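Next come the chains, spelled out residue by residue.
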Amino acid sequence: MKSSPATARALAIVGAVIGTVLIWVIARQAVGDLTVRAGSGTQEVSVVAVILTAAFAGLVGWGLLAVLERATAKARTVWTVIAVVFLLLSLLGPLGAVGAGAKVSLALMHLLAGAVIIPTFARTSRRH
């Protein structure tokens, strides 16, 4: 049975959240605290921040896709390009992490969220 676009998109967001949390848990065991530079100090990346960031990214992406589906016949193409550009730009964030392990772990979280959300949302778009 084929699921609705809304169900598939919601499940993609849930999958992205679960996947990023799993990476966070493994990273904490492997490298310890995931710390990023914040202003003149540092800040630990908490599991709450991971959950909220992945969910927020998915919801914003969903909202943009919904707007584009109403505005253009090329919604899937336009959205996918925008999503990939934002994913690539988001990879600049992990560069501020303290330590190679934290950088790699945070980059993997970004890539996993993108790898789950982008293809699912593109596949479920009603307008190509």
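Refer to the structure printed above.
Attention in this report is confined to the structure presented alongside it. (Residues numbered from 1 in each chain as written. Predicted model: local features only at pLDDT ≥ 70, side-chain atom pairs only at ≥ 80, totals over all residues. Heavy atoms only, no water.)

A few words now on the overall build of the protein chain. Each helix and strand in the protein chain was counted, giving four helices and two strands. The order of helices and strands in the protein chain, counted from the N terminus, is α-β-β-α-α-α. Considered along the principal axes of its C-alpha atoms, the protein chain spans approximately 45 × 30 × 20 Å. By sequence separation, contacts in the protein chain at least 24 residues apart represent 73% of the contacts at least 6 residues apart. As presented, the protein chain carries roughly 7,400 Å² of accessible surface, and 72% of it is formed by carbon and sulfur atoms. (Helix = DSSP H or I, 4+ residues; strand = E, 2+ residues; numbered from the N terminus. Contact = heavy atoms within 4.5 Å. Areas by Shrake-Rupley, 256 points an atom, 1.4 Å probe, with all protein chains shown as cover.)

What follows deals with the nonpolar core. Leu34, Trp79, Leu106, Met109 and Phe121 are the most contacted members of the largest nonpolar core, which has 28 residues in total. Every element with two or more residues in this core is listed here: helix H1 (5-31), helix H2 (47-71), helix H3 (75-90) and helix H4 (100-124). Considering each element in turn, this core owes the most residues, eight residues, to H1. Discounting chain neighbours no more than four positions away, the residues touching Met109 are Thr20, Ile23, Trp24, Leu34 and Val50. (Core = buried A, V, L, I, M, F, W, Y, C linked by side-chain atoms within 4.5 Å. Buried < 20%, exposed > 50% of the residue type's maximum accessible area, 1.4 Å probe, protein only.)

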